[in-house]
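This is what each chain is made of:
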Amino acid sequence: MALFAPRSSRELDKKIIQKAHSVKSVFVGSSKGAKRGLSERIASAEVEVNRYFSKFKDDFLIIRTEEELKNYVDNIIKDGIVAIDTETDGLDTFNGTLAGICLYSPSNKASYIPVHHVSYITGQEVNNQLKEDIIKKYFERVVNANVKIIMHNASFDLKVFANLVGIRLPCYWDTMIASNILNENEPHGLKALHDKYCGDGTGVYSITNLFEGIIFTHVPIKLGYLYAARDAKMTYELYKYQSQFLCENPSKEHEDLKSCYDVFMNIEMPLVPVILDAELRGVRLDLATADKLKEEYNAKLAVCKEQFTAIVEPIKDLVLQFIRTHTTITSKPKLEWPINFDSPLQISELLFNVLKVSDKNGKSTGVKELNAIMESTKNDTVRNLIKTLLEYRKVQKLLTTYIEKLPNEVNPKTGKIHCNFNQYGTVTGRMSSSSPNLQNIPSKNKEIRKMFVADEGYCLIGGDYSQQEPRILAHMSGDEQLIHAYTTGKDLYAHVGSLALKVPYEDCLEHYPDGSVNQEGKLRRSRMKAIVLALMYGKGTKALAADLKISLEDASSLMKSFFTEFPKVNEFINKSQSFAKCNGYVKTLWGRKRRLPDMLLDPYEFSYANGVSRDFDPLDDIDSDETNDLTVDPVLVQKWTARLNKAFGSFKKREVIQQALAEDNIQIKENSLKIADAERQTVNSIIQGSAGDMVKRASILCYNDKRLQDMDCHILIWVHDEIISTAPIKYARECAKIIDENMKKAADKLVVPMKTDFEITKIWYGEEIDFSKI
DNA sequence: CAGCTATGCGCC
DNA sequence: AAAGGGCGCATAGCTG
């Protein structure tokens, strides 16, 4: 992976770190670095680079001539394998500049091909660099020779090659994806992984602390090549390490990784070019619609603001007085005038401390809490305030996150939005989307999606799996009743309702046969839907009761009758959890692993406070290290475990924990929350992960479908259980039919049939095209 | 100033 | 007693 522009690379590091609560990346103070002159920074970069890489000076080389490249590529082809990395001036793979290319193959030295380095003194491009046409020529040779290409975060480098060199490379092994497959819970940065698994003592460094504030194209080649070439070599070494575990025949000890290799080779790696194609193609945005919406929503926002002012003006004195009386020398109240409505803190202060709204449900100002207040108060000021606030937030969200943001994301070069689909963006194996996120475009509000349109002469084909996750649940649990609902084509939730509630199926449908709404049926159906979703998300009866606005008793008896009618679902949940408890992981239907190490935790962990037992005399002990490891006397463990088990409620538990500390100097760590979290994740990971596998499989089938290729049909967007493609209008219906086939084929492992819904439109969520008129 | 966390909210 | 799975992103507000 190329990490170049200091700012952006930090952002990327941040992401990786956020993902896995890991080591903080060390970086030199940025303000200090930014103030120094460029030559000064280069000088200090030289010191840093030498510190890390001087030992590699003779092992790495710079390729400057075609002759040198030719010889190098000859060796690559002989080796049949190569690790490739690119260096650019930032993270923009469409409009950025290629600094150079890093290569490594076993019979070659690690190398760097400078392409667009400039002199940091003159700003002129440096002589003796190979240009794109030459590079393209030799990489075509590599591709034609079927050389296995290894990359770290191939998505980035493939886009660089496609956009800045003009060649689409196939990737055999992406070490970043492999890392996700092997352990989704750890950070996936190249340096950290290499240091951890192939470490040679060089240590973890980042482009940030090496080339602080210097764009890579401005780094002198003699300095940069050491850093860059090593990236390619590290990638190769990481690949070698990974392939010991991720392979056809892993050792007995790692037998469970066999299915992971299948997922990697049959799902993840074949998906790489599919996503690349969608990202390169991009989505068209109708700027006229965006402008219209912008105007409309800004007007709405203005109305909200006016209403606000009108509502709070009468209580201005109250607020000012509050601010006065709560201002001390050391602290200020979290409220100001004029009130900032964007600040949850200020709103909370206003509602609960100035207007004295009851805070028995907490001081949160989220939608749920505000609605609860609405139901319990008759205070008109409060009611109007909340009403306006909710409207304001809605409008503000749509405006800033979508309506005003998306047009800025249109690439000036292509006129399209090119988001990132992060292939392993989630721990479960689902994809995610970013910059911008196209997976959370509002759908209830149909206006926003209408900004997305098809190209001239083309249309959008949206195909989504209907009830994808419940069907997977039906299959994986093997519950006959659940499966029956699907094989007979009955409405699932109505069927569930009729069994669990013991009323006729027809009385659980939303509509009467004549099409009119059956209120009772609708309610029954929606409750059943809530139950099915609740157990897939690990939701408890209490939350279910709150959702359905029924009593706790009713909720738990609903749950009970559900499990009585669908015993295998209950069994599936229990089996999954006990497997996870035993092994610390679960697997999806296609064999992807989700590691849940917290499932292996003991509910309580005992240790002596300060690492020492009460009787320990520091002056008397010779081997203090051992003393620190001292495990707690089993008799005491038993004693306190028994007491903890008798203590119901978090308050009583805390009491026991304090007693243990006071009486026996024992520290007790409670893991029940972590374990409960992991338990909830268990079932959900299996279902959600399998759904992810299915969509990925369907996408690959579509991408490789000759018929779809011939009709110029391409996937543009994924929204988890939905695949949005584009094709010429005249082929649309045929394409939809084939996509449908592929989506179902991707699920042919299931004993329940998959159902899909399709829409063919010019505009996302727009009117369906009337083919009778074409 | 940038980086970070908390809060809140859009999607499946 | 409390208990909602998986994301990305905007804003506020704190910190170094």
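Residues numbered from 1 in each chain as written. Chains lettered and ligands numbered in written order. Predicted model: local features only at pLDDT ≥ 70, side-chain atom pairs only at ≥ 80, totals over all residues. Heavy atoms only, no water.

Caption draft 1: Spotlight on the overall build of chain A. Along chain A, the regular secondary structure elements total 31 helices and 19 strands. Expressed along its principal axes, the backbone C-alpha trace of chain A runs to roughly 95 × 80 × 65 Å. Split into buried and exposed, the 774 residues of chain A put 50% on the buried side. On chain A, roughly 37100 Å² of surface is accessible, and the fraction owed to carbon and sulfur atoms is 51%. Here chain A contributes 103 positively and 105 negatively charged side chains, and the mean placements of these two sets differ by 3 Å. (Helix = DSSP H or I, 4+ residues; strand = E, 2+ residues; numbered from the N terminus. Buried < 20%, exposed > 50% of the residue type's maximum accessible area, 1.4 Å probe, protein only. Areas by Shrake-Rupley, 256 points an atom, 1.4 Å probe, with all protein chains shown as cover. Lys, Arg positive; Asp, Glu negative; His and termini not counted. Charge placed at Lys NZ, Arg CZ, Asp CG, Glu CD.)

Caption draft 2: A look at the protein's contact with DNA strand C. As a matter of local geometry, DNA strand C sits amid 32 residues, with Ser-343, Lys-405, Ser-435, Arg-680 and Asn-684 nearest to it. Atoms of DNA strand C within 4 Å of the protein belong to the sugar or the phosphate in 79% of instances, the rest to bases. The side chain of Arg-430 places a nitrogen or oxygen atom 3.4 Å from a base nitrogen of DNA strand C. In the environment of DNA strand C, a sugar or linking oxygen lies 3.0 Å from a nitrogen or oxygen atom belonging to the side chain of Gln-688. Of all the secondary structure elements, the ones that give two or more residues to the surface near DNA strand C are helix H14 (344–354), helix H16 (380–403), strand S10 (432–434), helix H23 (541–548) and helix H29 (672–703). Here the surface near DNA strand C takes 4 residues from H29, the largest share from any one element. (Near = heavy atom within 4 Å. Polar contact = N/O pair within 3.5 Å; in protein donor to acceptor, adjacent residues only side chain to side chain.)

Caption draft 3: The arrangement of the environment of His-326 in detail. Secondary-structure assignment places His-326 in the loop between helix H13 (316–325) and H14. Ignoring any residue separated from it by four or fewer positions in sequence, one finds His-326 in contact with Ser-331, Lys-332 and Pro-333. Only 2.9 Å separates the side chain of His-326 from the backbone oxygen of Phe-322, close enough to count as a polar contact. Within the structure, His-326 has its side chain in polar contact with the side chain of Thr-325 (distance 3.1 Å). (Contact = heavy atoms within 4.5 Å.)

Caption draft 4: Representation of the packing of helix H22 (residues 519–537) against H29 in the model. Axis separation between H22 and H29 bottoms out at 6 Å; the angle between their running directions is 105 degrees. It follows that H22 is roughly perpendicular to H29 by the angle criterion. Contacts between H22 and H29 involve Leu-535, Met-536 and Tyr-537 from the former and Arg-680, Val-683, Asn-684 and Ile-687 from the latter. Of the residues assigned to the contact of H22 with H29, the class counts are 5 nonpolar, 1 polar and 1 charged. (Axes fitted to C-alpha atoms, helices over the stretch in contact; angles between N-to-C directions. Parallel < 35°, antiparallel > 145°, perpendicular 65-115°, else oblique. Nonpolar A, V, L, I, M, F, W, Y, C, P; charged D, E, K, R; others polar.)

Caption draft 5: Here's a closer look at the packing of H14 against H16. In contact at an axis separation of 11 Å, H14 and H16 are set at 160 degrees when each is read in the N-to-C sense. The angle between the axes of H14 and H16 places the two elements in the roughly antiparallel class. By crossing handedness, the relation of H14 to H16 is classed as left-handed. On H16, the residues that touch Ile-347, Leu-350 and Leu-351 of H14 are Val-382, Leu-385, Ile-386 and Leu-389. Among the residues forming the contact of H14 with H16, the class breakdown is 7 nonpolar, no polar and no charged. (Left-handed = near helix turned anticlockwise from the far one by under 90°.)

Caption draft 6: Region of the structure containing the pattern of salt bridges. Counted by the stated rule, this structure contains 40 salt bridges. A salt bridge links Asp-74 to Lys-70, with the shortest nitrogen-to-oxygen separation between them at 2.8 Å. On the criterion of helical spacing, the pair formed by Asp-74 and Lys-70 is a turn pair, its members being 4 residues apart in helix H4 (residues 66–79). Through salt bridges with shared partners, a single ionic network connects Glu-268, Arg-592, Asp-693 and Lys-696. (Salt bridge = Lys/Arg side-chain N within 4 Å of Asp/Glu carboxyl O.)

Caption draft 7: Seen up close, the sheet that holds strand S18 (residues 722–728). In space, the 4 strands of this open sheet follow the order S17-S18-S12-S19, with antiparallel pairing throughout. Strands at the two margins of the open sheet, each flanked by one partner only, are strand S17 (714–718) and strand S19 (755–761). In this sheet, neighbouring strand axes are inclined to one another by 25 degrees on average, regardless of whether the strands run parallel or antiparallel. The strands touched by H29 are strand S12 (458–466), S17 and S18; relative to S17, the strand with the most contacts, the crossing angle is about 160 degrees. Most of the contacts of helix H31 (residues 732–745) go to S19, to which it runs at about 155 degrees, and overall it touches S12, S18 and S19. (Pairing = 2+ DSSP bridges.)

Caption draft 8: Here's a closer look at the nonpolar core. One finds Ile-84, Leu-350, Leu-351, Phe-452 and Trp-718 to be the most contacted residues of the largest nonpolar core, which totals 212 residues. Examining the composition of this core, we find that 14 residues originate from one element, helix H11 (residues 258–281), more than from any other. Each residue touching Trp-718, except ones within four places of it in the same chain, is listed here: Val-274, Ile-275, Ala-278, Phe-421, Met-431, Gln-439, Val-695, Ser-699 and Ile-723. Formed by 12 residues, the second largest nonpolar core is a distinct cluster that contains Phe-606, Val-632, Trp-640 and Ile-668. (Core = buried A, V, L, I, M, F, W, Y, C linked by side-chain atoms within 4.5 Å.)

Caption draft 9: Here's a closer look at the domain arrangement of chain A. Here chain A is described as being made up of domain 1 (20–243), domain 2 (287–406), domain 3 (480–565) and domain 4 (602–670). Between the C-alpha centres of domain 1 and domain 3 the distance comes to 56 Å. (Domains from an automatic or database assignment.)

Caption draft 10: How the structure looks around the packing of aromatic side chains. Summed over the entire model, instances satisfying the criterion amount to 18 aromatic pairs. Look at Phe-421 and Trp-718: their rings are 5.0 Å apart centre to centre, the planes differ by 80 degrees, and that puts the pair in the edge-to-face class. Placement of Phe-421 in strand S9 (residues 420–422) and of Trp-718 in strand S17 is noted, with a sequence separation of 297 residues between them. Each member of the pair, Phe-421 as well as Trp-718, carries the same accessibility label: buried. Members of the aromatic cluster, connected to one another through ring pairs, are Tyr-104, Tyr-172, Trp-173, Tyr-236, Tyr-239 and Phe-264. Across the ring face of Trp-764, the terminal group of Arg-449 is positioned such that the distance to the ring centre comes to 4.4 Å. Across from the ring centre of Tyr-585, 4.1 Å away, lies the NZ or CZ of Lys-593, which sits over that ring. (Phe/Tyr/Trp six-rings, centres within 6.5 Å; stacked < 30°, edge-to-face > 60°. Lys NZ or Arg CZ within 6 Å of the ring centre and 35° of its normal.)

Caption draft 11: Examining helix H28 (residues 650–664) more closely. The end-to-end C-alpha distance of H28 is 21 Å, a good match for the 21 Å that 15 residues give at a rise of 1.5 Å each. Three or more residues of H28 are buried, namely Lys-653, Val-656, Ala-660 and Asp-664. Viewed end-on, H28 has its buried residues packed into an arc of 55 degrees, placing them on one side of the element. Structural note: H28 exposes Phe-651, Gln-658 and Ala-662 on the side pointing more than 90 degrees away from its buried face. In this structure, the buried side of H28 is in contact with strand S15 (604–608), helix H27 (634–646) and strand S16 (666–670). The positive-phi residue at the C-terminal boundary of H28 is Asn-665, with phi of around 55 degrees. (Expected span 1.5 Å × (residues − 1). Arc of directions from axis to C-beta.)

Caption draft 12: Quick look at the environment of Leu-38. Here Leu-38 lies in helix H3 (residues 38–53). Separated by 116 residues in sequence, Leu-38 and Ala-154 have C-alpha atoms that sit 31 Å apart. When near neighbours in sequence (up to four residues on either side) are disregarded, Leu-38 contacts Tyr-120 and Ile-214.

Caption draft 13: How the structure looks around the environment of Pro-187. Mapped onto the secondary structure, Pro-187 falls in the loop between helix H7 (175–182) and helix H8 (190–198). Residue Pro-187 is classed as buried on the basis of its relative accessible area of 18%.

Caption draft 14: Main features of the pairing of S18. The buried fraction of S18 amounts to 7 of the 7 residues, a majority that puts the element mostly inside the structure. Bridge analysis of S12 against S18 gives 7 bridges, and the strand direction is antiparallel. When the bridges of S18 are listed, Gly-463 appears paired with Ile-723. Here S17 runs beside S18; their pairing, made up of 4 bridges, is antiparallel. Across the sheet, Trp-718 pairs through a bridge with Ile-723, a residue of S18. Hairpin connection between S17 and S18: a loop of 3 residues separates the two successive antiparallel strands, and His-720 in this loop has a positive phi of roughly 65 degrees.

Caption draft 15: Fine view of the sheet that holds strand S4 (residues 110–114). On the basis of which strands lie adjacent, the open sheet formed by 6 strands has the order S1-S4-S3-S2-S5-S6 and mixed pairing. Each edge of the open sheet carries a strand with a single partner, namely strand S1 (60–62) and strand S6 (173–174). Of the strand pairs in this sheet, strand S3 (residues 98–104) and S4 are connected by 4 bridges, and their pairing is antiparallel. Looking at S4, one finds that Cys-102 is bridged to Tyr-112.

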